[in-house]
Amino acid sequence: MIDSKIMETTKSILKDFGNTYFSDKGTLKRNKVIEDLDAYTPMLMKALLANQLIHDTYTESIVIDDKSVELFKLNQFIEMFTYKEYWQGSYTKFENKIGLTAGGAPMSINGTYFSKHSF
């Protein structure tokens, strides 16, 4: 499976933590990553936010009492792990069809759509 640039970057950062976030077989321990993100584990947060791509993508500056504060969009970052896990196993090898018919015949034959009536 091909990873997005942000996921590749994240995995590269996580590899610096040894086997903390990867199994012996090299599989990413998504639940461990999410658990440590939820706990705002200092070393993990520091490593992730030090990366320019992650910083630019997942932080937002707001002003509170005339002071600029940066917020990490933790939920959006975690979604990258949860949705990837969900979508990875939920594909189908069958072509999607909408199932419409006209006069008992399918609306598409060999990928060419047709209609019995001119519009």
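So, a few notes on the structure that sits alongside this text. (Residues numbered from 1 in each chain as written. Predicted model: local features only at pLDDT ≥ 70, side-chain atom pairs only at ≥ 80, totals over all residues. Heavy atoms only, no water.)

### Some words on the pairing of strand E1 (residues 59-64)
Where E1 meets strand E2 (residues 67-72), 6 bridges bridge the pair, whose relative direction is antiparallel. From the neighbouring strand, Val63 faces E2, where its bridge partner is Ser68. Taking the residues between adjacent antiparallel strands as the criterion, E1 and E2 are bridged by 2 residues, where Asp65 takes a positive phi near 50 degrees. (Pairing = 2+ DSSP bridges. Helix = DSSP H or I, 4+ residues; strand = E, 2+ residues; numbered from the N terminus.)

### Here we look at the nonpolar core
Counting 21 residues, the largest nonpolar core has Leu37, Ile54, Phe77 and Phe81 as its most contacted members. When contributions to this core are tallied by element, the ones reaching two or more residues are helix H1 (5-15), helix H2 (30-38), helix H3 (42-50), helix H4 (52-58) and helix H5 (74-88). No other element matches H5, which puts 5 residues into this core. Among all residues touching Leu37, those that are not within four sequence positions of it are Leu44, Met45, Leu48, Leu74, Phe77, Ile78 and Phe81. (Core = buried A, V, L, I, M, F, W, Y, C linked by side-chain atoms within 4.5 Å. Buried < 20%, exposed > 50% of the residue type's maximum accessible area, 1.4 Å probe, protein only. Contact = heavy atoms within 4.5 Å.)

### Comments concerning the packing of aromatic side chains
By the definition in use, this model includes 3 aromatic pairs. A centroid spacing of 5.5 Å and a plane angle of 80 degrees characterise the contact between Phe17 and Tyr21, whose relative ring orientation is edge-to-face. Ring centres of Phe72 and Phe77 lie 5.5 Å apart, and the angle between their planes is 55 degrees; on these two criteria the pair is classed as tilted. Each member of the pair Phe72 and Phe77 is classed as buried. Pairwise contacts between aromatic rings join Tyr58, Phe72 and Phe77 into one cluster. Lying across the ring of Phe22, Lys15 places its NZ or CZ 5.9 Å from the centre. (Phe/Tyr/Trp six-rings, centres within 6.5 Å; stacked < 30°, edge-to-face > 60°. Lys NZ or Arg CZ within 6 Å of the ring centre and 35° of its normal.)

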